[in-house]
Amino acid sequence: LWQRTMRYFPEERVADEVSFAVRRYGLKNGVLLSNDIFADRGRLETFIEEMGRRDLRGFEWFTFTRADSVIEQADLVPELVRLGLNFVSVGVESMDQDTLDYLKKETTPDVNLRAHRALHEGGVSVIMLCHIVGAPTHTREKLKQIAPQFRRFGPHAFLATPTFVPYPGTKVYPDVVRRDLIESFDYSRYELGDAVCRTEECSAEEVDRQSGKLIVPHVFDPRFILAHWRTGTRTGFWFGLLGPFFV
């Protein structure tokens, strides 16, 4: 990845490396790191073909995508699940249209809902929806609305709440600098889990607190636990999710 140019490994190479790890080391779970695996239909179809040519039974994998990309390739979801896809992180970013427009996502809350439905109905076991907390458009009232808005997805969705990070070079960076919203220019902290930017109403510290408040009641909701118990115990999902609460 360089500026706005991205170069990918060939699909055959990816499938070969997965096959090698499965055969040589008995790999059962892995992350196939892609900025948006659903972005290019041609590449995705080739990937499905290459993975299907290899005996990868028992291997399950996790990947990343955008909501609008899922909708465009929704018919391919069941085939990917057959090839081991069981955990998808979707950058829904927000269920508030003003925030989506500010972030220049060119999408809508309805697209987010349809993408989740396509993944769930296609057989994906765990769907992590990444919702930004602390965007400059977030008033205290809008932060309070994140939890009820998220409940529209149902118990099968897993809420992740990365904080808004204004990376230099992004489209929103000049605006947050102009409005003097950045509280820290220590770039070692620019990692989504540490708020460095305030909103017009909330300090960065308050944004951090709100992010944590959203996660705790969600992961301990009995409906969420029941929906993910079988998959979570098999993949280590619960250890990774709940481990930080017990450290």
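*Asks:* What am I meant to see in the nonpolar core here?
*Replies:* Counting 44 residues, the largest nonpolar core has Met51, Trp61 and Leu119 as the members making the most contacts within it. The element best represented in this core is helix α6 (residues 109–122), accounting for five residues. Contact partners of leucine 119, with chain neighbours within four places excluded, come to Phe38, Val70, Val77, Val88, Val90, Val124 and Ile127. Membership of the second largest hydrophobic core comes to 14 residues, among which are Leu103, Ile132, Val176 and Cys197.

*Asks:* Can you help me understand the sheet that holds strand β2 (residues 60–66) in this one?
*Replies:* Reading across from one edge, β1-β2-β3-β4-β5 is the order of the five strands in this open sheet, with parallel pairing throughout. Both edges of this open sheet fall to β1 (29–31) and β5 (157–160), since each of them pairs with a single strand only. Strand-to-strand, the axes of this sheet are offset by a mean angle of 25°, without reference to chain direction.

*Asks:* What exactly am I supposed to notice about the side chain of threonine 99 here?
*Replies:* Note that threonine 99 resides in helix α5 (residues 97–102). Of the residues examined, threonine 99 reaches a relative accessible area of 0% and is grouped as buried. In this structure the side chain of threonine 99 is engaged in a polar contact, spanning 2.8 Å, whose partner is the side chain of threonine 137. Every residue in contact with threonine 99, bar those within four places of it in the chain, is listed here: Ser94, Ala135, Thr137 and His138.

*Asks:* Teacher, can you tell me more about the environment of asparagine 29 here?
*Replies:* Residue placement: asparagine 29 occurs in strand β1. The partly exposed category is assigned to asparagine 29, whose relative accessible area is 34%. In this structure the C-alpha to C-alpha distance between asparagine 29 and glycine 58, which are 29 residues apart in sequence, comes to 8.6 Å.

*Asks:* Where do I start with unusual backbone geometry in this structure?
*Replies:* Outside of glycine, negative phi angles account for most residues, and trans bonds account for most peptide bonds. Of note in the backbone geometry, lysine 104 takes a positive phi value of approximately 60° without being a glycine. Within the element layout of this structure, lysine 104 appears in the loop between α5 and α6. For lysine 104, a relative accessible area of 46% translates into the label partly exposed.

*Asks:* Would you mind showing me how to read the environment of valine 207 here?
*Replies:* When you line up the elements, valine 207 lands in helix α9 (residues 204–219). We classify valine 207 as buried; its relative accessible area is 1%. As a C-alpha pair, valine 207 and alanine 195 span 12 residues in sequence and 6.5 Å in three-dimensional space. Among all residues touching valine 207, those that are not within four sequence positions of it are Val133, Gly134, Thr163, Ala195, Cys197, Thr199 and Cys202.

Procedures and definitions
- Residues numbered from 1 in each chain as written.
- Predicted model: local features only at pLDDT ≥ 70, side-chain atom pairs only at ≥ 80, totals over all residues.
- Heavy atoms only, no water.
- Core = buried A, V, L, I, M, F, W, Y, C linked by side-chain atoms within 4.5 Å.
- Buried < 20%, exposed > 50% of the residue type's maximum accessible area, 1.4 Å probe, protein only.
- Helix = DSSP H or I, 4+ residues; strand = E, 2+ residues; numbered from the N terminus.
- Contact = heavy atoms within 4.5 Å.
- Pairing = 2+ DSSP bridges.
- Axes fitted to C-alpha atoms, helices over the stretch in contact; angles between N-to-C directions.
- Polar contact = N/O pair within 3.5 Å; in protein donor to acceptor, adjacent residues only side chain to side chain.

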